[in-house]
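One letter stands for each residue in the lines below.
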Amino acid sequence: MSSEDFFSRVAVILVEPENPDNIGATARAMKNMGFADLRLVRPPKAWRQSAKKMAMSAFDILQRARAFRKFEAAIRDRTFVAGTTRRQGPKRGIFLPFFEITRRIQRMNAQERAALVFGKESKGLDNQTLEACDWGTTLPAHPIYPSINVAQSVMIFLFSLFSSQTVWSATQLTAKPDVRYLSKDQVQQVLERFKIALKVLGYKRGGADKLNRITFTLRDLIKRSGLLEREAQMLRGLSR
């Protein structure tokens, strides 16, 4: 996969950004590093025009940016989603170190598409949004003040990905074989079909909680490694 293809397969998602200046600064950081797919979930009113000043020569990225009402719609076509947050805890999902997240994205094959997700300035990502991500991650920072501005966080992540392209080329490291991972929307379709099969098998008699626990466990398993097309075919076959 060429570097140009790589840049087009990574999206930056800002969830409920509060300050248009940070949207503009994010667009500028993306253009500095060669990325262009900016997505916003419930942005403030008139954000595109208000963010223009900080975007500088990256206004074209603001013009192409897409806004969504629901986070699930913003990640529907992604195969790997990483949520960035400073706060961790038992209800915050499973975390991977920053360098493992970037390495996972760096090694994407031509069929994979990633998203880096950043939360609102005041509170970051909520539990529900982080749960919809495959992994959580935290930028390494000094414990005296570990909270990093959202646009600066975007720049750190994208710089790590940008610089890796030169390293990959110089060392002749190769991506994984060209295998097809399912998008989030396709994974959800497989899970819904599997859930119907469980009901037919009688799991409904055990109560909704039991049925949901099984499907949630399967979903979490898929989140940690993704779902290949051949694996999805097997689950569809089992469901039938």
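The structure displayed is predicted, hence computed values, not measured ones.

Trainee: Hey, could you run me through the pairing of strand β1 (residues 10-15) in this one?
Mentor: Successive side chains on a regular strand alternate, one facing one side of the sheet and the next facing the other. Here β1 lies mainly inside the structure; six of its six residues are buried. Of the two faces of β1, the one carrying Val 10, Val 12 and Leu 14 and the one carrying Ala 11, Ile 13 and Val 15 are both buried. Pairing of β1 with strand β5 (residues 114-118), which is carried by five bridges, proceeds in the parallel orientation. Across the sheet, residue Val 10 finds its bridge partner in β5, namely Ala 114. Relative to strand β2 (residues 37-41), β1 runs parallel, the two sharing five bridges. Of the residues in β2, the one forming a bridge with Ala 11 is Asp 37. Running through helix α2 (residues 20-33), the crossover from β1 to the neighbouring parallel element β2 is right-handed.

Trainee: Would you mind showing me how to read unusual backbone geometry here?
Mentor: Outside of glycine, negative phi angles account for most residues, and trans bonds account for most peptide bonds. Phi is positive for Arg 42, which is not a glycine, with a value near 50 degrees. Along the chain, the position of Arg 42 falls in the loop between β2 and α3 (47-50). The phi torsion at Met 56 lies on the positive side, around 55 degrees, for a residue other than glycine. Locating Met 56 in the fold gives a position in the loop between α4 (52-55) and α5 (59-64). The class of Met 56 is exposed, set by a relative accessible area of 52%.

Calculation rules
Residues numbered from 1 in each chain as written. Predicted model: local features only at pLDDT ≥ 70, side-chain atom pairs only at ≥ 80, totals over all residues. Heavy atoms only, no water. Buried < 20%, exposed > 50% of the residue type's maximum accessible area, 1.4 Å probe, protein only. Helix = DSSP H or I, 4+ residues; strand = E, 2+ residues; numbered from the N terminus. Pairing = 2+ DSSP bridges. Right-handed = clockwise from strand over helix to strand, strands pointing away.

Purely geometric stuff here, so don't read any function into it on its own.
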